[in-house]
Amino acid sequence: MTASAAVAGPTPVPVPGNDRSGVSHYFSGPQGLAIPTVPCDPAGPSATDGIMADQLNPQLHAKMAGYMDAYKVSCARMVTQAVKDRGLNRRAAAIAIATVIVESSINNYSQAVDHTSLGLFQQQDWWGTREERLNPAHATNAFLDRMEQLYKGGSWNNEAIGEVCWHVQQPREDLRGLYAVQADDAVVIANALWSGMTGGPRHPYGSGRVVSGRSADGRLEAFAAGADGVYHSWQTAVNGGWSQWRLEGGPRGAQLAVATNADGRLELFALSDSTLDHMWQTGPSAGWSGWENFGTGGYRLAAGSNADGRIEVFASNATGVFHRWQSAPSSGWAGWEGVAGGPANSRLAIENAPDGRLEVFALSDSTFGHLYQAQVNGGWSAWENFGGGGHAVTVSYNQDGRLEVFASNANGVFHRWQTGPASWSDWTGTGGLPNAELTTSRSVDGRVEVFAINANTASHSWQTRPNAPYSEWETFGGGGTQIGAGNNADGRIEVFGTGRDGVHHRWQTGFATWSDWAWLNDSGPAVN
C-alpha cells in the first residue's frame, strides 16, 4: 500500500498544520530541556526498570543510546503495556515508542513544549484534556486510534515504522525522516519490554518431540527429544545464530513441553513412558537446574499459564487426562489430579481464551474431548465432545482472540474455530497432508500460520489476513518425524523439523519470505 492510499479517508481528530514544528525539542538532545515531567507509572519507576535501562543502553545506537534510565524505561513500559492490553502486536509498540523517542525523548512533559503539546507524544489540546494527554495509557490509545483509522485493516504492519509515526503525528515535511532514524532502537526497546511483561495471558508454546520457548532477554531456546535424553540449543544473540546442541540428560525418547514462569524463567517438562521430570532456568535468561521428578510416566503432555501467571501442566495416559498446577506464580506445585477422565492416551493442546481462561483439547484415535476453565484462574468444566478421533492436534488464536483448532487424520487436515466466546464452527477440511504432525505460529501482524509434516513432505498454510480464511497449502520441504515453531524477538517465525538424521530449521527472512532448511548449528539428535 502506498503512503497516500494508507492515509486516505476521514480523520478522527483535527490534525496539525504544517506550521507546527512538532519536534522542535528533539534538537535539544536526549536529556531534553529543563521542562517539568510527571510520572508515567503512578507507582514510579521500579528496580526492574533500572536493570532494564542498564541492559538496553549498550544495545541502542541512536538518540537514546546511553540515556535510558529507570524513569524512561517506566514510560516506555507503560506505552508497551497499553499496546499489549489493546491486543495489538509488538510492532505497534515499536511504532509508538519510536514516536515518543522523537517527540519527547521518552519524557512525560507536563509543561507545553510546542504550542499546547504535552506528554510523551506531545499531543496538542485536540487530542484530549490535560489529564488525558499526561496519562500514558490514554495518550497511547489516542495515538493508536489515529493509526488504525489511517491504516485500515492492519496495513500499518506493512509500512515502514518511521512513515507510520510521521503520518500519525504530522509534523513539518522536513522533519519526516527523524522517526525512521529511531525505528531500530524502538524495536529493541519494545522487544525487551514485551518479553518481560507478565500482564495478561502468556500464550502457550507448542508441545511435542521438538519445542522452543523464548527467554526473558528475547533469545529462543530449543529442545529436542533424543533416544538418549533431551538435547538443548539456544540462540547466542537475540534474533541470531544458535549454539551447538548439548545433551542435558533427562527422560529418553520423551514428549516435551516448555512454559514461562511469571518471573520470566522458562521451565521444561519431559514425559516418557516411565517418568515425568522437569528442569528450569535458575533466573530469567540464566542457566538451567538439574532434573527433578515431576510425576510418573504417560503418553503426551502440554503446559500453559493461567491468567495470574501460574503454570498448569496436563498429561495423558491409558486411564485419562491429569493435571498439576503451581500453587502460586513461580512457586511450588499442587499434587496431580484427574480431570474427570478424558480421552485415554490422547494428544494434547492448550491455549488461552480471550479472557485468559485455559482451554484444553485432547485427541485420541477414537474421540476428541474439550475442557475449559469455568472462570479465569478457576476450576474446570466437564469434558465435552469436540469431534472424532485423529492423528495430531494443535491450537492457536486469531488476532481478535478467538481460538482456532487444527487436527489431522488419514484424510488430511481439518480446522474448527470459535465463532463467539462459547460457540464453535463445524469442522472444515483444508486439504493438507494425511496423518501429519502439526504446529502453529503467528505472523507479526497476528495471522495464524500452520505447518504440517509427515514421512513424505512438509507443508504450510497461512491466513491471508488477520482473522481471515487460509491460503492453499504449499510445499515447505521434505518429510520428517516432528515439527515445531517459535517466534524470534522481532516476530519472525522459526520452524524446527526433525528426522532420523537430526534437527533442521527454517526461518522467515522477512515477514513473507523464508530461508532454506539448514542444520540448527549442528545436526543434533535423531528424533524417531
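Residues numbered from 1 in each chain as written. Predicted model: local features only at pLDDT ≥ 70, side-chain atom pairs only at ≥ 80, totals over all residues. Heavy atoms only, no water.

In the nomenclature of an unreviewed UniProt entry, the protein chain is known as PLL-like beta propeller domain-containing protein of Streptomyces luteireticuli.

Peer 1: I would appreciate a short explanation of the pairing of strand β11 (residues 320-325) in the present structure.
Peer 2: In summary, the side chains of a regular strand alternate between the two faces of the sheet. Of all six residues in β11, five are buried; the element is thus mostly enclosed. If you look at the hairpin formed by strand β10 (residues 311-317) and β11, you'll find two residues sitting between the two strands. Looking at chain direction, β11 and strand β12 (residues 337-338) are connected through two bridges and run antiparallel. The residue bridging F322 from the neighbouring strand is G338, located in β12. (Buried < 20%, exposed > 50% of the residue type's maximum accessible area, 1.4 Å probe, protein only. Helix = DSSP H or I, 4+ residues; strand = E, 2+ residues; numbered from the N terminus. Pairing = 2+ DSSP bridges.)

Peer 1: Explain the sheet that holds strand β25 (residues 474-478) here, please?
Peer 2: Strands belonging to one sheet form pairs held by backbone hydrogen bonds; the direction of such a pair is parallel or antiparallel. The strand order across the open sheet formed by four strands is β22-β23-β24-β25, and the pairing between neighbours is antiparallel. Every other strand in the sheet has two partners, leaving β22 (437-442) and β25 as the edge strands with one partner each. Strand-to-strand twist of the sheet, defined as the mean angle between neighbouring strand axes without regard to direction, takes the value 25 degrees. Pairing analysis gives six bridges linking β22 to strand β23 (residues 448-453), with the strands arranged antiparallel. When the bridges of β23 are listed, S441 appears paired with E449. (Axes fitted to C-alpha atoms, helices over the stretch in contact; angles between N-to-C directions.)

Peer 1: Explain the environment of G309 to me, please; I cannot follow it from the model alone.
Peer 2: Looking at where G309 falls in the secondary structure, it is placed in the loop between β9 (300-305) and β10. When the C-alpha atoms of G309 and R252 are compared, they prove to be 29 Å apart, with 57 residues separating the residues in sequence. Apart from the residues lying within four places of it in its own chain, the contact partners of G309 are A262, Q326 and P329. (Contact = heavy atoms within 4.5 Å.)

Peer 1: Hey, could you run me through the sheet that holds strand β15 (residues 367-372) in this one?
Peer 2: Read across the sheet, four strands follow the order β13-β14-β15-β16 without closing on themselves; strand pairing throughout is antiparallel. Looking along the sheet, the strands with just one partner apiece sit at the ends: β13 (347-352) and β16 (384-388). In this sheet, neighbouring strand axes are inclined to one another by 20 degrees on average, regardless of whether the strands run parallel or antiparallel. Here strand β14 (residues 358-363) pairs with β15 via five bridges, running antiparallel. Within β15, the position partnered with V360 by the bridge is L371.

Peer 1: How should the pattern of salt bridges be read in this particular structure?
Peer 2: Pairs can form between side chains of opposite charge whenever their charged atoms are close. Counted by the stated rule, this structure contains 17 salt bridges. The partner of R219 in a salt bridge is D217, with the nearest N and O atoms 2.9 Å apart. You can call R219 buried: its relative accessible area is 11%. With a shortest N-O distance of 3.8 Å, E449 and R447 are connected by a salt bridge. When sorted by exposure, E449 lands in the same class as R447, which is buried. Here the salt bridges do not stand alone but share partners, grouping D41, D49 and R77 into one network. (Salt bridge = Lys/Arg side-chain N within 4 Å of Asp/Glu carboxyl O.)

Peer 1: Teacher, can you tell me more about the state of the cysteines here?
Peer 2: Covalently bonding the sulfur atom of one cysteine to the sulfur atom of another cysteine gives a disulfide. For the coordinates displayed, the defined rule picks out one disulfide. Here C40 connects covalently by a disulfide to C75, the sulfurs 2.0 Å from one another. Negative torsions about the S-S bond denote left-handed disulfides, and the value of about 85 degrees found for C40 with C75 makes this one right-handed. Separated by 35 residues along the polypeptide, C40 in the loop between α1 (3-6) and α2 (47-56) and C75 in helix α3 (residues 70-86) bring together distant segments of the chain. On the basis of relative accessibility, which here comes to 4%, the residue C40 falls in the buried class. The cysteine C165 is free of any disulfide, with C75 supplying the nearest cysteine sulfur at 17 Å. According to the relative accessible area criterion, C165 is buried, its value standing at 0%. (Disulfide = S-S within 2.5 Å.)

Peer 1: Sorry, what's going on with the nonpolar core here?
Peer 2: The nonpolar side chains of a soluble globular protein tend to be buried, and buried together. Membership of the largest hydrophobic core comes to 51 residues, with the highest contact counts inside it found for M68, I106, M147 and I189. The set of elements that each furnish at least two residues to this core consists of α2, α3, α4 (90-104), α6 (136-150), α7 (161-169) and α8 (178-196). Among the elements that line this core, the one with the most residues is α4, at ten residues. Ignoring any residue separated from it by four or fewer positions in sequence, one finds I189 in contact with L56, L60, M68, A76, I97 and I101. (Core = buried A, V, L, I, M, F, W, Y, C linked by side-chain atoms within 4.5 Å.)

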